[in-house]
Amino acid sequence: MALTIDRETTALLAMDFENDIVHENGAFKDFGFAQMVKQNDVLGKTARLLDAARGAGVKVIYVSVKFRPGYPERPRNAGMWEGMVAANALVEGTWGSTVHEAVSPKEGEPVVSKKGISAFTGSDLVAVLTTGGITTLLLTGVATNFVVEGTAREAVDRGYNVVIVGDCCASVSQEAHDSSLNTVLPFLTTISNSEEVMAALK
């Protein structure tokens, strides 16, 4: 069945495209994210999808992960956060915490700042979605098995319809990416791709 999208009640979320995560010179350059992003042209595909969404009148929302110097708002209760602190990554006001220029926000597009894995953690995303009358989320971002999966699970629990744009996501490896998209998520969301979504927006 072809994908259908109600433009009035759908938002495209561009999540965690910060330089530290997706840029070849970012703080996490040795983790594998940037390599997969480059190999699969995730930034190029996401940029084209963003343009298509804007042209169709679909709301675009950016989700950014960043912290104050010293990370006072982030418990170091997992290896991931310990690694972030050790790398001095994703600090507010730095190049590393800035969204990559290939997919940067346009004027007037909301940017919500989160403090955990899910886009809902420590952010005002719900308020932005509620004000916009949004009931369906198109998810893009890095990493597939962190922000994308975490946001999808919470969004479904909150009653949103979720579509994951698989080729606009990446992880530390193709295996990790595929595992996230092929296990639990198909039972909770619609797994799609940028070509299918852009066709539905025409």
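What you see is a predicted model; the values in this text were computed from it and never measured.

Details of helix H6 (residues 144-157)
Right, on to step 1. Compared with an ideal rise of 1.5 Å per residue, which puts 14 residues at 20 Å, H6 spans 18 Å between its outermost C-alpha atoms and is within 8% of the ideal.
Right, on to step 2. Residues of H6 that are buried make contact with strand S1 (10-15), strand S3 (111-114), strand S4 (136-142), strand S5 (161-170), helix H7 (174-182) and helix H8 (185-188).
Right, on to step 3. Gly 159 sits one or two positions beyond H6 and adopts a positive phi of about 100°.

Examining the confidence of the model for the chain
Right, on to step 1. Chain-level statistics for the chain give a pLDDT mean of 97 and a share of 100% at 70 or above.
Right, on to step 2. Least confident of the elements in the chain is helix H4 (residues 79-86), whose mean pLDDT is 93; most confident is S1, at 99.

Focus: the side chain of Ser 171
Right, on to step 1. Inspection of the secondary structure assignment puts Ser 171 in the loop between S5 and H7.
Right, on to step 2. Here Asn 145 takes part through its side chain, which lies 2.6 Å from a polar atom of the side chain of Ser 171.
Right, on to step 3. Among all residues touching Ser 171, those that are not within four sequence positions of it are Gly 32, Phe 33, Met 36, Ala 143, Thr 144, Asn 145, Ala 176 and His 177.

Describing the packing of helix H3 (residues 42-56) against helix H9 (residues 194-201)
Right, on to step 1. With their axes 10 Å apart at the nearest point, H3 and H9 run at an angle of 15° to one another. Viewed along their axes, H3 and H9 adopt a mutual orientation that is roughly parallel. When the axes of H3 and H9 are compared, the crossing they make is left-handed. Where H3 abuts H9, its residues Lys 45, Arg 48, Leu 49, Ala 52, Ala 53 and Ala 56 lie against Ser 194, Val 197, Met 198 and Leu 201.
Right, on to step 2. Its residues assigned to classes, the contact of H3 with H9 comprises seven nonpolar, one polar and two charged.

Here's the deal with the pairing of S5
Right, on to step 1. Of all ten residues that make up S5, eight are buried, and the element is covered over most of its length.
Right, on to step 2. In this structure, S4 lies alongside S5, joined through six bridges in parallel fashion. When the sheet's bridge partners are listed, Leu 139 is paired in S5 with Ile 164.
Right, on to step 3. On the question of chirality, the crossover connecting S4 to the parallel S5 by way of H6 is right-handed.
Right, on to step 4. In the sheet, S5 pairs with strand S6 (residues 190-192) via three bridges, with the strands oriented parallel. Its bridge partner lying in S6, Val 165 is registered against Ser 192.

Here's the deal with the nonpolar core
Right, on to step 1. With 42 residues, the main nonpolar core has Phe 17, Ile 21, Met 84, Leu 90, Val 142 and Val 197 as its most contacted residues.
Right, on to step 2. Ranked by the residues each element gives to this core, the list is headed by H3, at seven residues.
Right, on to step 3. With sequence-adjacent residues up to four places away left out, Val 142 is seen in contact with Met 15, Asp 16, Phe 17, Ile 21, Val 22, Phe 33, Val 37, Val 147 and Ala 170.

A closer look at the state of the cysteines
Right, on to step 1. Inspection of every chain in the model, using the stated rule, returns zero disulfides.
Right, on to step 2. Here Cys 168 is not disulfide-linked; the sulfur of Cys 169 is the nearest cysteine sulfur, at 6.8 Å.

The rules behind each value
Residues numbered from 1 in each chain as written. Predicted model: local features only at pLDDT ≥ 70, side-chain atom pairs only at ≥ 80, totals over all residues. Heavy atoms only, no water. Helix = DSSP H or I, 4+ residues; strand = E, 2+ residues; numbered from the N terminus. Expected span 1.5 Å × (residues − 1). Contact = heavy atoms within 4.5 Å. pLDDT = per-residue confidence, 0-100. Polar contact = N/O pair within 3.5 Å; in protein donor to acceptor, adjacent residues only side chain to side chain. Axes fitted to C-alpha atoms, helices over the stretch in contact; angles between N-to-C directions. Parallel < 35°, antiparallel > 145°, perpendicular 65-115°, else oblique. Left-handed = near helix turned anticlockwise from the far one by under 90°. Nonpolar A, V, L, I, M, F, W, Y, C, P; charged D, E, K, R; others polar. Buried < 20%, exposed > 50% of the residue type's maximum accessible area, 1.4 Å probe, protein only. Pairing = 2+ DSSP bridges. Right-handed = clockwise from strand over helix to strand, strands pointing away. Core = buried A, V, L, I, M, F, W, Y, C linked by side-chain atoms within 4.5 Å. Disulfide = S-S within 2.5 Å.

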